[in-house]
Amino acid sequence: MRTGLNAIGAHSETSAMIGDRMDTDVLAGLEAGMETFLVLTGLTNRETVDKYPFRPSTVVDSIADLVDRI
């Protein structure tokens, strides 16, 4: 994540990770110090989120729910 952020000249404080998996997408975003958005259109569902010791910043049903935030 840090390599990617550096490559595009972005900073973790002004970037976010959007993903559909807790164990890869959300974890990578959190480890990079980014805001994280979990979309429930992939493998992870609301019940699965509780099985992890970490939490995304925001959980949404679909990527469409984030359109107004852009």
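This structure is a prediction, so every number in the text was calculated from the model and none was measured.

## Comments concerning the environment of Ile18
For step 1, the next point in the chain: Inspection of the secondary structure puts Ile18 in strand E1 (residues 16-19).
For step 2, the next point in the chain: By relative accessible area, Ile18 is classed as partly exposed at 41%.
For step 3, the next point in the chain: Remark: the alpha-carbon pair of Ile18 and Leu40, spanning 22 residues in sequence, is separated by 11 Å.
For step 4, the next point in the chain: Contact partners of Ile18, with chain neighbours within four places excluded, come to Phe37, Val39, Ile63 and Leu66.

## A few points about the sheet that holds strand E3 (residues 58-60)
Across a sheet, strands are paired by hydrogen bonds formed along the backbone, either parallel or antiparallel in direction.
For step 1, the next point in the chain: If you walk across this open sheet you meet the three strands as E1-E2-E3, and the pairing is parallel. Edge positions in the open sheet fall to E1 and E3, since each of these has one partner strand only. The sheet shows a mean angle of 20° between the axes of neighbouring strands, taken without regard to direction.
For step 2, the next point in the chain: Bridge analysis of strand E2 (residues 35-39) against E3 gives three bridges, and the strand direction is parallel. By the bridge assignment, Val39 is partnered in E3 with Val60.
For step 3, the next point in the chain: Along the sheet, helix H2 (residues 22-31) contacts E1 and E2; its crossing angle with E2, the most-contacted strand, is approximately 165°.

Definitions and limits used
- Residues numbered from 1 in each chain as written.
- Predicted model: local features only at pLDDT ≥ 70, side-chain atom pairs only at ≥ 80, totals over all residues.
- Heavy atoms only, no water.
- Helix = DSSP H or I, 4+ residues; strand = E, 2+ residues; numbered from the N terminus.
- Buried < 20%, exposed > 50% of the residue type's maximum accessible area, 1.4 Å probe, protein only.
- Contact = heavy atoms within 4.5 Å.
- Pairing = 2+ DSSP bridges.
- Axes fitted to C-alpha atoms, helices over the stretch in contact; angles between N-to-C directions.

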